[in-house]
Structures are given as structure tokens and as C-alpha cells.
Amino acid sequence: MNPRDLERLEQLLADRATEGLGDVELLELRGLLMRSDAVDADGWLIAAAAVDRAFASDATPSTLAPSLRSRIGRQSREHFRAVRARRPQAHPSESAPTPDDSSDLATSRAPRLTLPRDSASASTVPSRASLRFDFIGWAVAAAAILVAFIGWLPETEPEPHVALALLKELDPDTTESSWGSSDFESFRNVSGKVVWSERHQRGFMVIRGGPVNDPRVLQYQLWIVDAKRDENPVDGGVFDVTSSGEQIIPFHSRLPVEPSAFALTEEKPGGVVVSKGPLVLVAAVE
Amino acid sequence: MGCFARKGRTGLETSVLQRVASGDEVAVEECIDRFGGLVHAIARRMSPSLVDADDATQEIFIDVWTHAHRYRPDVASEKTFIAMIARRRLIDRWRRAERQPRSDSLDLGLETADRSSDGLSLETSEELSRVRGAIEKLDPTPREVLKLSVYDGLSHQAIADRLGLPLGTVKTHVRRGLSRVRSSLGAESSGSGKAVS
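Source: prediction; values computed, not measured.

With that settled, the discussion passes to the packing of helix α4 (residues 66-86) of chain A against helix α3 (residues 50-67) of chain B. At a minimum axis distance of 10 Å, the contact between α4 of chain A and α3 of chain B shows a crossing angle of 35°. Once α4 of chain A is placed against α3 of chain B, the crossing between them reads as right-handed. Mapping the contact onto sequence places L68, R71, I72, Q75, S76, H79 and F80 of chain A in α4 of chain A and D54, D55, T57, Q58, F61, I62, W65 and T66 of chain B in α3 of chain B. When grouped by side-chain class, the residues that make up the contact of α4 of chain A with α3 of chain B number six nonpolar, six polar and three charged.

Below, the structure written as C-alpha cells:
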């Protein structure tokens, strides 16, 4: 790396450690890190923390207010309970929901996503997951240098449009598949696409004009159809449409897939292991 | 209050954070008791209100649990590690909330002064001794810039406005000041440092 770029890299790291970085600067920093030799990115954060402590008063209160202490303790216990609950189950089917035919969504409308109701296959479908963009998980799938930087701190997650641009930068072979026409009236005016990176097994849905859902009533669930798999489509997670404008929603596949299509269904809140709801949108990979 | 790690960066005993990372629930409570005040003090300095500081403190501890496994005694003390997590979360909150540089920090005046004439803490530890030494070697203006940026939480632009300096000069002072502190902490020279896994 030339001296000018190195100085710019160090300046960005210093800025990050003191006042934070905007999305564009964050992208620039990540680009520089990818081009640099191994850099101790965390060292700048540690230095700032050490400076902070050096200037801090020696008379800092040593205990929290009881009410705050209690809240933190309670929240911490909940956090660890949730962590333990997310660990792989010995029998995945134990965490699978009971199929529920009572939903009024089960009325026959557009063609359903017809899939074999094979309980053995169902047990291999990963448990439903909310569509949270795990940027740390992203880094693990990327270069080691990227891991060194993005690694582990509660970095500001970039805005979705920035993250999408980063995905395309990291993988020039990303595919883009437009949503097809829908038989559902509420989805007739929906446009957009699915951007997919086979290298990173991650992608983004771009949805414009989608009908806003009440998550207490129904949620949308993404399915990744892999023609080479004989089993059910792979669960891409549940999500909500919160705006009729453009939404960019990240997703990833929990199983290695070569998508031939992406399908959206309406499901009960929390989603399902095997689709029960109507098929509302499909994007075929060409 | 439980068994805390031996002081010093190279303590051979298992630290509180390492115990947290191994799933020790008692260590979790110890960690809150031991570092809660530190976290809250930083949050108060870098938050617009006490309510915000309280919320931030809760978020910071979740980050601590999530990243406790990353703590390495040979890199920094537990206090500095936790202070780093706290600062990152607070900067992140500020960025999300305002999306513009801070112009002023809110000093809630809850800390009483107990410092040297340079404004540096009198807390003694090997780590802080090295850091203080590095800071004291800075010229007055770069030292002031570093304090205003890191401790007082002013944006670089606000510092430039306050001290009548070009923004680029402020940024350079921050970079060089932190670089010097990094060196004092044992970091390798820039460009050849190790990657943190």
C-alpha cells in the first residue's frame, strides 16, 4: 500500500475511533482494508479507550443506580437465555412449529407453493429466522482482512443500499432477478428484484410498492428454490413490508444453494417450516 | 464480591470477561458490578440525557456479553476493553440518532475532579502510566485536541471551530495522538500491525 493510502487508512481508523464514520467513509475504509496488509484496526479503538480512561476522573461512581442495575441484570439473563435457546437442537423437529390450518390465509387464491410434505425433508429445513443482516457473519464469509476489521465490534451497520453496493463490490458475479407478475391484486404493482451472491450465499430483496402487512396477522416469508435439491425450498426468513416505497431487505441462506428462483409467500406470524401460505411473488433466476 | 482477575495486562488468572465468555453466570453479575460504574460514566459523558445514558448502558452490556470472547489480556486491560466497547456503541448511537457531527458534549457534572494539572486521571496502572506518558509528550495543542475529541466527545469540526484550527489539522492531531498512544500500548508501527482475528 502506498504511503498516501496508508495515511488515509489511518485517518479513517482514527476518525472511526473518535467520531465515527458515515456510510461512504465506512465503505472507503473497508475498501482500503481489503487492499492493505494486515492492519491492527482494533488498535485505534483500544487507544481511544485508553486515552478516555487516562482523562477520566478518579472519582467516577463505582456502582449503578439500583433500578438500572436491576434492569441490566434482568436483560443480561434474558440475553443468555436467548443465546442458549438459539443453539442447535439435538432434534430439529422439536423446535418446528405445529402446522396450523386454522389461519384464514389458507383460502385458495393464487397457486400455492406445492411441495412434498415429507416430514424427513422438513426436518432438514432450517428453523425459520428473522431477516436480520448479520454483518459479522458476512465478514466471516469474506476475506480474512475483512474479518480483521469488521470482525467483532458493534460497528454501525451500513444502510441497506450501502450494504447492497458492498455486496456487488465484493462479488462481481452477483445475479439480479426481477419479480414476475403476481396473481394477487395487492401485488400487481410490485416491482423490484432479488440480488444474489452465490459466493457469499447472501442477497437482498428490493421491493417497491409492496403491500404493508400487519405482523400480528401475517408475515411474508422468502423461500429459495434450488432445482437441484429434491427437498423443500430453503427458508430465507420472514420479514415485513413496512412501507409502500422501496425497501431493501437482506437475507441469507442457511444451507448451500444454487437458486433457480426466489419465492415469497404469506404466512402466519413467525413463519413456518414448510410453506402453507399462498405464493405472492416469484423471481426466476435466468 | 467474587474472584476478580489479577491486575495487569498479563494476569494469569482467568479474568471476569473470560469467565463470562465461558458461560459463567456468576461472572456476568460480577462484571456488571465491577464495570457498571465505568460504563455508565462514559455513557453519561457521551449521551444527550441521563435517560439516554441509561439506555446506552444497557445496550453496552449486551455488546460486552456478545464480544467477551474477544478479550485478550495481552492487548489491553479489561477496563480499557470494556471502555472501547462502550465508546463504540455510544458513537454508533450518536451516528444513528443524528447523522451529523456532535457540536458539544453534555457534561452532566456528576464526576468530581481528581486529576493532575494536565487533566489526566490519577488512577495508577501500568497501562495507564504508559498512555499518560504518551499524552504528556504531546505538544499542548495536539494534547488538547485529543482530550476534546476522545474524552469530551466533540466532533472534529466543533474542535476546529473552538480552537480556530483548520479541520484537517484537527484530524491530523487526533490521528497522530492516537498513533502515539498505540505505540505506547505496544502496538506495532503503522502498516505492519497484526490483524485482530
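Next comes the rest of the write-up.
On to the sheet that holds strand β2 (residues 191-197) of chain A, then. Residue and element names in this part refer to chain A. Reading across from one edge, β1-β2-β3-β6 is the order of the four strands in this open sheet, with antiparallel pairing throughout. In this open sheet, the two strands that pair with only one neighbour each are β1 (175-178) and β6 (246-252). The mean angle between the axes of side-by-side strands here comes to 20°, regardless of whether they run parallel or antiparallel. With respect to the sheet, helix α8 (residues 160-170) is in contact with β1, β2, β3 (202-208) and β6, its orientation differing from that of β3 by roughly 135°.

Within a regular strand, side chains alternate between the sheet's two faces. Residues and elements named next belong to chain A. Burial runs high along β3: six of the seven residues are buried. The pairing of β2 with β3 spans seven bridges and is classified as antiparallel. Residue pairing for β3: G192 is matched across the bridge by I207. Following β2, the chain reverses through four residues before pairing antiparallel with β3; Q201 in that reversal takes a positive phi of roughly 55°. Bridge count for β3 against β6 is seven bridges, and the pairing is antiparallel. From the neighbouring strand, R202 faces β6, where its bridge partner is H252.

Residues and elements named next belong to chain B. If you trace the backbone, S184 turns up in helix α8 (residues 167-184). Note on S184: relative accessible area 16%, which makes it buried. Within polar-contact distance, the side chain of S184 engages the backbone oxygen of V181 at 2.6 Å. Filtering out sequence-adjacent residues up to four positions away, S184 remains in contact with R130, V131 and A134.

Moving on to the nonpolar core. Counting residues in each nonpolar core, the largest one holds 77 residues, and the members touching the most others are V51 of chain A together with V20, C31, W65 and L178 of chain B. Sort the elements by how many residues they give to this core and helix α3 (residues 41-55) of chain A lands first, with eleven residues. Beyond its immediate stretch of four places on either side in the chain, C31 of chain B contacts V16, L17, V20, G36, F61, V64, W65 and I82 of chain B.

The next point concerns the packing of aromatic side chains. Scanning the entire structure with this criterion turns up ten aromatic pairs over all chains. Aromatic ring contacts, followed pair by pair, group F184, F187, Y220 and F239 of chain A into a single cluster.

Residue and element names in this part refer to chain A. Relative orientation of the contacting elements helix α2 (residues 23-35) and α8 amounts to 20°, with a least axis distance of 11 Å. Relative to α8, α2 is oriented roughly parallel. Here α2 and α8 pass one another in a crossing that is right-handed. In this structure, α2 contributes D23, L27, R30 and M34 to the contact, and α8 contributes V162, L166, E169 and L170. Its residues placed into classes, the contact of α2 with α8 shows five nonpolar, no polar and three charged.

Among all positions in helix α7 (residues 156-163) of chain B, only H156, A158, I159 and A160 of chain B are buried. On its buried side, α7 of chain B packs onto α1 (3-18) of chain A together with α6 (140-151) and α8 of chain B.

Reading the values: the criteria
- Residues numbered from 1 in each chain as written.
- Chains lettered and ligands numbered in written order.
- Predicted model: local features only at pLDDT ≥ 70, side-chain atom pairs only at ≥ 80, totals over all residues.
- Heavy atoms only, no water.
- Axes fitted to C-alpha atoms, helices over the stretch in contact; angles between N-to-C directions.
- Helix = DSSP H or I, 4+ residues; strand = E, 2+ residues; numbered from the N terminus.
- Left-handed = near helix turned anticlockwise from the far one by under 90°.
- Contact = heavy atoms within 4.5 Å.
- Nonpolar A, V, L, I, M, F, W, Y, C, P; charged D, E, K, R; others polar.
- Pairing = 2+ DSSP bridges.
- Buried < 20%, exposed > 50% of the residue type's maximum accessible area, 1.4 Å probe, protein only.
- Polar contact = N/O pair within 3.5 Å; in protein donor to acceptor, adjacent residues only side chain to side chain.
- Core = buried A, V, L, I, M, F, W, Y, C linked by side-chain atoms within 4.5 Å.
- Phe/Tyr/Trp six-rings, centres within 6.5 Å; stacked < 30°, edge-to-face > 60°.
- Parallel < 35°, antiparallel > 145°, perpendicular 65-115°, else oblique.

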